[in-house]
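# Residue-level structure breakdown
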Amino acid sequence: MGFCSDQLNRIKPMWDSMLNHRFLLETRDGKISDQIFAQWMRQDYLFVRAAIPFIAALIPKAPLKHWEAHSNVIVMLQKELKLFEERANAVGVSFDNINPWFTNHAYIQFLLATAAYESYPVAYTVLYTAEKAYHDSWKVVQKGLDKDSKWYPFVENWAGDAFAQYVDYLGNELDNLASQAGKDELKRMSEYFELTTKYEIAFWEMVYVGAKWPGLKN
Ligand code: MP5
């Protein structure tokens, strides 16, 4: 077995708790409140925006054969931002004066710090885990959400075939990187796999708990 399936098996209870998060189940069942969904939209819009410099920062560390894929991802992320803007316009959600909430802020800093300070295989682990988490999460939503739902375009984006192929590609490449990694690096990759999963769970949870900057009434 490769690194990705080993990791997914190792942290299966955590991964499953992410896939059972109430945000996903309520969205799948058409029961999510518009206000909660709008909170996710605003925060994820900021996250996707931050993913662009994250990918850009990987390019100087990446082997040449990964440059094209990373460049394509930047284009994909720009399209994703337009999807968010289009949906926000369509349903009357405002993106004016938005800032990352505490958990989102931490996650974004984690991404950027990983790209800056960690090795390429460790940063690639974070990229794969975040993308795989979103693919699997929106697959859960796809199982029940009506295709006419105003939220369905998000399902198409992350649960669709193009995204599935991209995640498979990332997984194969990550398995290759791991097969060449030494013991210490593999340990760090495995820690970052788990850390990224924890951030993904925290992100869904944040949508319900709000900004929650410690020590402030927010
Ligand atoms: C992704 C995302 C997927 N949009 N938001 C979070 C919190 N995690 C992962 O990444 P992308 O860059 O939208 O494909």
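Residues numbered from 1 in each chain as written. Predicted model: local features only at pLDDT ≥ 70, side-chain atom pairs only at ≥ 80, totals over all residues. Heavy atoms only, no water.

## Thoughts on the overall build of the protein chain
From N to C terminus, the protein chain includes ten helices and zero strands. Listed by position from the N terminus, the elements making up the protein chain come as α-α-α-α-α-α-α-α-α-α. Computed over the C-alpha atoms, the radius of gyration of the protein chain is 17 Å, within 12% of the 17 Å expected from 2.2 N^0.38 for a compact globule of 218 residues. C-alpha atoms of the protein chain, sized along the principal axes, occupy 50 × 40 × 35 Å. Residues counted as buried form 51% of the 218 residues belonging to the protein chain. (Helix = DSSP H or I, 4+ residues; strand = E, 2+ residues; numbered from the N terminus. Rg over C-alpha atoms; globule rule 2.2 N^0.38 Å. Buried < 20%, exposed > 50% of the residue type's maximum accessible area, 1.4 Å probe, protein only.)

## Focus on the site of the ligand
Neighbouring residues of the ligand: 14 residues in total, closest D44, L77, E80, E131 and E200. Between Y134 and the ligand, the recorded distance is 3.4 Å, taken from a side-chain N or O atom to a nitrogen atom. If you map the ligand onto the pockets, it falls in the largest cavity. When residues of the shell around the ligand are traced back to their parent elements, those giving at least two are α4 (34-58), α5 (67-91), α7 (120-142) and α10 (183-209). When the residues that make up the shell around the ligand are grouped by side-chain class, the tally is ten nonpolar, no polar and four charged. (Near = heavy atom within 4 Å. Polar contact = N/O pair within 3.5 Å; in protein donor to acceptor, adjacent residues only side chain to side chain. 1 Å grid on protein atoms, 1.4 Å probe; cavity = no way out; pocket = protein on both sides within 12 Å on 5 of 7 lines; lining within 4 Å. Sits in = over half its atoms within 2 Å of the grid points. Nonpolar A, V, L, I, M, F, W, Y, C, P; charged D, E, K, R; others polar.)

## Some words on the pattern of salt bridges
Applying the stated criterion across every chain yields a total of eleven salt bridges. Across the pair K187 and E191 runs a salt bridge, and its minimum N-O distance is 3.5 Å. Of the two residues, K187 and E191 are both situated in helix α10; the distance of four residues between them amounts to about one turn of the helix. Residue classification places K187 among the exposed positions, given a relative accessible area of 54%. E194 is paired through a salt bridge with K198; the nearest N and O atoms lie 3.7 Å apart. One end of the pair, E194, and the other, K198, are both in helix α10, four residues apart, so they sit about a helical turn from each other. (Salt bridge = Lys/Arg side-chain N within 4 Å of Asp/Glu carboxyl O.)

## Observations regarding the side chain of D136
Within the element layout of this structure, D136 appears in helix α7. In this structure, D136 is in contact with W15 and L19, ignoring residues within four places of it in sequence. (Contact = heavy atoms within 4.5 Å.)

## Re the packing of aromatic side chains
All told, the structure shown has 33 aromatic pairs when counted by the stated rule. Seen from their ring centres, W40 and F84 are 5.5 Å apart, and the 40 degrees between their planes marks the pair as tilted. Taken together, the positions of W40 in helix α4 and F84 in helix α5 put the pair 44 residues apart, joining distant regions of the chain. The residues W40 and F84 share a single accessibility class, namely buried. (Phe/Tyr/Trp six-rings, centres within 6.5 Å; stacked < 30°, edge-to-face > 60°.)

## A few points about helix α9 (residues 161-179)
Its 19 residues give α9 an end-to-end C-alpha distance of 27 Å, which sits within 8% of 27 Å, the value for a rise of 1.5 Å per residue. Along α9, the positions that sit buried rather than exposed are F163, A164, Y166, V167, L170, G171, E173, L174, L177 and A178. Among the structural elements, α1 (3-10), α5, α7, α8 (152-159) and α10 are those in contact with the buried residues of α9. (Expected span 1.5 Å × (residues − 1).)

## A word on the nonpolar core
Counting 81 residues, the largest nonpolar core has F23, F37, W40, M41, W138 and F154 as the members making the most contacts within it. Here this core takes 15 residues from α4, the largest share from any one element. (Core = buried A, V, L, I, M, F, W, Y, C linked by side-chain atoms within 4.5 Å.)

## Observations concerning α4
The α-helix winds at 3.6 residues per turn, so residues separated by three or four positions along the chain end up facing the same way. Between its first and last C-alpha atoms α4 spans 36 Å; for 25 residues at 1.5 Å apiece the expected length is 36 Å, and the two agree. The buried count for α4 comes to 18 of 25 residues, which makes it a mostly enclosed element.

## Considerations on empty space enclosed by the protein
With the rule as written, the count across this model stands at one cavity of 30 Å³ or more. Lining the largest cavity are 18 residues, and of these F47, A51, L77, A130 and E131 lie nearest its centre. Every element with two or more residues in the lining of the largest cavity is listed here: α4, α5 and α7. For the lining of the largest cavity, the leading source of residues is α4, giving six residues. Here the residues of the lining of the largest cavity sort into 14 nonpolar, no polar and four charged. (Points joined across faces, edges and corners; volume = space filled by probe spheres on them.)

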